[in-house]
Amino acid sequence: MTQPDDPTICARGGWFDDFTTRPSNPPIYQTTAFDLHGIEQLDAVVSGAEQGYIYTRDGNPNHAAFAADVAALERAEAGAVCASGMGAVSAILLSHLKTGDHVVAGRILYGRTSQQLAELQRCFGIEVTFADANSAESLAEAKRDNTKLCLVESVSNPLIEVIDLPAIVDAMGDVPVVVDNTFATPCLFRPIEHGASLVFHSASKYLNGHGDVMLGVVVGNVAAMTGVRRVTSLFGLNANPMECWLGSRGLRTLPLRMRQVSESAQKIAEFLEAHPAVASVIYPGLASHESHDLATKFLPNGCGGMLSFELAAGADGVRPLFRELAESIPFSPTLADCRTTLSWPAGTSHKFIPTEDRRAWGISDGLIRLSVGIDSTEDVISELDAALNLVP
Ligand SMILES: Cc1ncc(COP(=O)(O)O)c(C=O)c1O
């Protein structure tokens, strides 16, 4: 056989269609599509008679690996990946709702989740009632004949409230309950074991845990996941293989990280509560938190790494504090990085909520959210102490 021309060598590359080695970790299937041996194989893969992949928007081994691990951790039948946590919310809502349907949602959710629900209401005629997720009765009172879903967070952002999920599931009857389990992770709480139908995560947060990924994941039963995958494919919400690969790598240390951040956050919350420059601390591991009893019951392995606090100086103290901490505990509008970071819900995650509503719900202009990382607890406490002592 004659040597092909350079353009042919470049365009086709040297590639074998199977692995002859056994990599100890999954390869990254960074490919748009999967070559098929012929039309017969296409038919077999499409019909499900043969396991395989065709086009990465529809599915890819890295998607499957990450989704299967999260499904196993959450004790769900199956999972599906999305390009972000917001992609996961979209996939659930688009696969379960049509115009004229009604959703009951917790009043305090991640701000963009509330905004997406309001957008669906405004543009697509899907009705939404926001109710107090701390009261199963309030959620049940919001229920109507056309209610198709109830959406809540297991541990809320940014007030770190713990829900009574069995009571909510009971009160909602045959309405499926969807839980955003981003803050708790399956290491601390598994909503499906308490009756939830669907669970989703911003895997950009703890599941990956290294602050370098945008990824979402949904888990539930096989029928629901078939619907979610249809939507992720049709609306282009699917994740890319590299993000899933990073997500899978991050998952390897999830239990260790969740144990460490829970222990550290408890100590930091106790330190802050005793500091004269701090007016109040919101952490369910503290007896002062309104969810403390629920946390004791539902989060026996720890309350996670998220806490919020207000300064005695109020909103005026936020800027100076962030300036003092810029080099050690940075203001970073995300959470669940390895490093401890600070955020300001009124100006970031909850900026899109009308100011009066936000304040009335307890998300004040001075509320500071701390995402405790796996850096040394003692270092974080001494850095916070030094900065708090300088806040006017
Ligand atoms: C609780 C919670 N849910 C969902 C999301 C959305 O996830 P993503 O940023 O991956 O789209 C976030 C983002 O911060 C979040 O905190």
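What you see is a predicted model, and the numbers here were worked out from it, not measured in a lab.

About the thresholds
Residues numbered from 1 in each chain as written. Predicted model: local features only at pLDDT ≥ 70, side-chain atom pairs only at ≥ 80, totals over all residues. Helix = DSSP H or I, 4+ residues; strand = E, 2+ residues; numbered from the N terminus. Rg over C-alpha atoms; globule rule 2.2 N^0.38 Å. Buried ≥ 20, exposed ≤ 12 C-beta atoms within 10 Å, placed from the backbone. Contact = placed C-beta atoms within 7 Å. Pairing = 2+ DSSP bridges. Axes fitted to C-alpha atoms, helices over the stretch in contact; angles between N-to-C directions. Domains from an automatic or database assignment. Core = buried A, V, L, I, M, F, W, Y, C linked by C-beta atoms within 7 Å. Near = placed C-beta within 6 Å. Nonpolar A, V, L, I, M, F, W, Y, C, P; charged D, E, K, R; others polar. Expected span 1.5 Å × (residues − 1). Arc of directions from axis to C-beta. Right-handed = clockwise from strand over helix to strand, strands pointing away. Parallel < 35°, antiparallel > 145°, perpendicular 65-115°, else oblique. Left-handed = near helix turned anticlockwise from the far one by under 90°.

1. Considerations on the overall build of the chain
Line of reasoning, step 1. A tally of regular secondary structure across the chain gives 15 helices and 11 strands.
Line of reasoning, step 2. Compactness check: the chain gives a C-alpha radius of gyration of 23 Å against a globular reference of 21 Å for 392 residues, within 12% of the reference.
Line of reasoning, step 3. Taking the principal axes of the C-alpha coordinates as reference, the chain spans close to 80 × 50 × 35 Å.
Line of reasoning, step 4. Each of the 392 residues in the chain was classed as buried or not, and the buried ones make up 47%.
Line of reasoning, step 5. Look at the contacts in the chain between residues 6 or more apart in sequence, and 73% of them connect residues 24 or more apart.

2. Things to note about the sheet that holds strand β6 (residues 198-202)
In a beta sheet, neighbouring strands pair by backbone hydrogen bonds and run either parallel or antiparallel.
Line of reasoning, step 1. Reading across from one edge, β1-β7-β6-β5-β4-β2-β3 is the order of the 7 strands in this open sheet, with mixed pairing throughout. The sheet terminates laterally at β1 (78-82) and β3 (127-131), the two strands that pair on one side only. Each strand axis lies, on average, 20° off the axis of its neighbour in the sheet, ignoring direction.
Line of reasoning, step 2. Note that strand β2 (residues 102-106) and strand β4 (residues 147-153) share 4 bridges and pair parallel. Note that in β4 the partner of V104 across the bridge is C150.
Line of reasoning, step 3. On the sheet, helix α5 (residues 111-124) packs against β2, β3 and β5 (177-180) and is oriented at approximately 145° with respect to β3.

3. Let's talk about the domain arrangement of the chain
Line of reasoning, step 1. Taken domain by domain, the chain consists of domain 1 (39-251) and domain 2 (254-390).
Line of reasoning, step 2. Placing the centre of domain 1 and that of domain 2 at their C-alpha centroids yields a distance of 26 Å.
Line of reasoning, step 3. Counting from both sides, the interface comprises 27 residues of domain 1 and, opposite them, 34 residues of domain 2.
Line of reasoning, step 4. Listed by contribution, the elements that provide at least two residues to the side of domain 1 that touches domain 2 are α5 and α8 (185-188).

4. Let's talk about the nonpolar core
Line of reasoning, step 1. In this structure, A91, I92, C150, I168, V217, V218 and L307 are the most contacted members of the largest nonpolar core, which totals 111 residues.
Line of reasoning, step 2. Two domains each donate at least three residues to this core, and these are domain 1 (39-251) and domain 2 (254-390).

5. Comments concerning the site of the ligand
Line of reasoning, step 1. The environment of the ligand is formed by 16 residues, the closest being S84, G85, Y110, S202 and S204.
Line of reasoning, step 2. Contributions of two or more residues to the shell around the ligand are made by α4 (85-96) and α5.
Line of reasoning, step 3. Tallied by class, residues from the shell around the ligand come to 4 nonpolar, 9 polar and 3 charged.

6. Structural notes on helix α3 (residues 61-74)
Line of reasoning, step 1. Helix length check: α3 (14 residues) gives 20 Å between terminal C-alpha atoms against 20 Å at 1.5 Å per residue, within 8%.
Line of reasoning, step 2. Those residues of α3 lying buried are N62, H63, F66, A67, V70, A71 and E74. Viewed end-on, α3 has its buried residues packed into an arc of 160°, placing them on one side of the element.
Line of reasoning, step 3. Count one or two residues on from α3 and you reach R75, which has phi positive near 60°.

7. A word on the pairing of β2
Line of reasoning, step 1. Of all 5 residues making up β2, 4 are buried, and the element is well covered by its neighbours.
Line of reasoning, step 2. Taken together, β2, α5 and β3 constitute a β-α-β crossover, and its handedness is right-handed.

8. Quick notes on unusual backbone geometry
Line of reasoning, step 1. The peptide bond linking N157 to P158 adopts the cis configuration, its omega dihedral lying at 5°.
Line of reasoning, step 2. As for its placement among the helices and strands, P158 is situated in the loop between β4 and α7 (165-172).
Line of reasoning, step 3. Its identity is not glycine, yet R75 carries a phi of approximately 60°, on the positive side.
Line of reasoning, step 4. Locating R75 in the fold gives a position in the loop between α3 and β1.
Line of reasoning, step 5. Positive phi outside glycine occurs at I160, with the angle close to 55°.

9. Section: the packing of α4 against helix α9 (residues 222-234)
Line of reasoning, step 1. Running from N to C, α4 and α9 point in directions that differ by 110°, and their axes come no closer than 8 Å. Comparing the axis directions of α4 and α9 gives the class roughly perpendicular. As for how α4 packs across α9, the hand of that crossing is right-handed. Together, A91, I92, L94 and S95 of α4 and G227, V228, R230, V231 and T232 of α9 make up the contact between the two elements.
Line of reasoning, step 2. Of the residues that constitute the contact of α4 with α9, the class distribution is 5 nonpolar, 3 polar and 1 charged.

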